[in-house]
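So the chains spell out like this:
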Amino acid sequence: MKATFRHGDLEKILRQLLRVVPSATNKVVLKHVLIEAKREEDRVDFYASSEDMSFRRTLFVEATDSSVEIAQSGSCLLPAKELHEIVKRANGPVMLSTQNDRTIVSFGRTKFELAGLPPRLFSPYGDADDEVTTTTVLTPNLYRLIRRTSYAAGKSLARPILTGVQLTLADGHLSAVATDALRLAQSTVPCEDVSGEDRQLVIPATVLDALAGALPASDDDEEITLTLGTSSCTVSWGDDAFHMALRGLEGTYPNTARLIPERMTHRVVVERQALLTACERVAILSEADHQRAEFRFTPSGLTVSATSAQYGYAEETLETIQGTKDDMEILCNVNYWITALKALEGVAQVEIGLNSPLQPCLLRPVGEKGVGLIATVARSSVPTETKRQAS
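Residues numbered from 1 in each chain as written. Predicted model: local features only at pLDDT ≥ 70, side-chain atom pairs only at ≥ 80, totals over all residues. Heavy atoms only, no water.

This brings us to the sheet that holds strand β21 (residues 301–308). To summarise the sheet geometry, strands pair through backbone hydrogen bonds and adopt either a parallel or an antiparallel arrangement. Within the open sheet, the four strands sit side by side as β22-β21-β20-β23. Their pairing is antiparallel. Of all the strands in the sheet, just β22 (312–319) and β23 (328–333) have a single pairing partner and so form its edges. Along the sheet, successive strands turn relative to each other by an average axial angle of 20 degrees, direction set aside. Strand direction decides the pairing type here: β21 and β22, joined by eight bridges, are antiparallel. Across the sheet, the residue bridging to serine 305 is glutamate 315, located in β22. Against the sheet, helix α5 (residues 272–282) makes contact with β20 (292–297), β21 and β22, and its axis sits at roughly 175 degrees relative to β22, the strand it touches most. Sheet contacts for helix α6 (residues 334–343): β20 and β23; angle to β23, the most-contacted strand, approximately 85 degrees. (Pairing = 2+ DSSP bridges. Helix = DSSP H or I, 4+ residues; strand = E, 2+ residues; numbered from the N terminus. Axes fitted to C-alpha atoms, helices over the stretch in contact; angles between N-to-C directions. Contact = heavy atoms within 4.5 Å.)

Time to look at the nonpolar core. Counting residues in hydrophobic clusters, the biggest one holds 113 residues, and the most contacted among them are Ile35, Leu142, Leu246, Leu275, Phe295 and Trp337. Each residue touching tryptophan 337, except ones within four places of it in the same chain, is listed here: Leu275, Cys279, Phe295, Ile330, Cys332, Ile352, Cys361, Leu363 and Ile374. Within the second largest apolar cluster, six residues are counted, among which are Val29, Leu30, Leu34 and Phe122. (Core = buried A, V, L, I, M, F, W, Y, C linked by side-chain atoms within 4.5 Å. Buried < 20%, exposed > 50% of the residue type's maximum accessible area, 1.4 Å probe, protein only.)

The next subject is the sheet that holds strand β9 (residues 110–114). Strands sit in the order β5-β1-β7-β8-β9 across an open sheet of five strands; the sheet is antiparallel. Both edges of this open sheet fall to β5 (68–72) and β9, since each of them pairs with a single strand only. When the angles between neighbouring strand axes are averaged without regard to direction, this sheet yields 15 degrees. With five bridges joining them, strand β7 (residues 94–99) and strand β8 (residues 102–107) adopt antiparallel strand pairing. Bridged to glutamine 99 within β8 is arginine 102.

With six bridges connecting them, strand β10 (residues 133–138) and strand β16 (residues 223–228) associate as antiparallel partners. Counted as the bridge partner of threonine 133 is leucine 228 from β16. Bridging between β16 and strand β17 (residues 232–237) involves four bridges; their strand directions are antiparallel. For threonine 225, the partnering residue across the bridge sits in β17 and is serine 236. Connecting β16 to the next strand, β17, in antiparallel fashion are three residues.

Rendered as structure tokens:
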């Protein structure tokens, strides 16, 4: 193998691949990137893989101002972190050439000899499904779908299926739902050119977050080709210059539709950013062990407050666009509110639905599809005496 790369393009690709390379693993090969130069096809493929996903990034030889020039076909398997550190410090075009069991990395008057692994040891995770459903979705929509749901997935391995996000492809829409039993997030975006039957698959939330980090979210016109199978999902964009394969989780996801109330007794509309700011402020004095805050709804406004037995009491009152018919107070984990409101970035107003202090509250983006649920906390477990003393 012998190929010369433009320094900035090579560094960017390696940085993208590092999002997939596991930081801690017993499989040494997963700490490496596979580079395959194909002179006959005018392309160089870069692969990184973990046990849950693989990422292929391709550079094509262009007629003018090309990012890569291929002198000889071949492949090498090099340590990802170390190669990135080398390329990051390059001051000009970077040449990769293989000699026996070594790979020479050179630029200017600098040369490194890297002892990699045999390329045959690298087997990127792939989509082996025979039955698949394929569709296209705009990049900003897929990015928003992931960000608005993955935060609610569980972190505990006690119920592994809850660590994932359930993707559903049906009726010309791609939906996602996640829950950790204390909160829930659901979102839906339109898709086009659906080929195949309706399908569902649960993908680990951490894997979807890695995908979101790689997507060109600001490109409104970029289309993603998404394929759902029975055990894996593939995503590609940029005329196949980017390709990711994601492993699905085994198991049955709970029926979350029954958890979302059909009717809400109270409906409150408030500015999202104002509510987020208020929650972040009062959270400073929420108890570290419970992180609880009180939300007091009235026909004219909303008051968010938190009490610390050690440091005191915090309170902020907001004007509501639409208030409740009657006064109501609920207690919630304030960080659940902060995370949910941040996930709705770009939304101007949110609707809060309430039935009773002991039932989960509902959170919707006004004017857009999607819903969230946040569990409440029983008032009997809150040290109200501390609050009275603080105030």
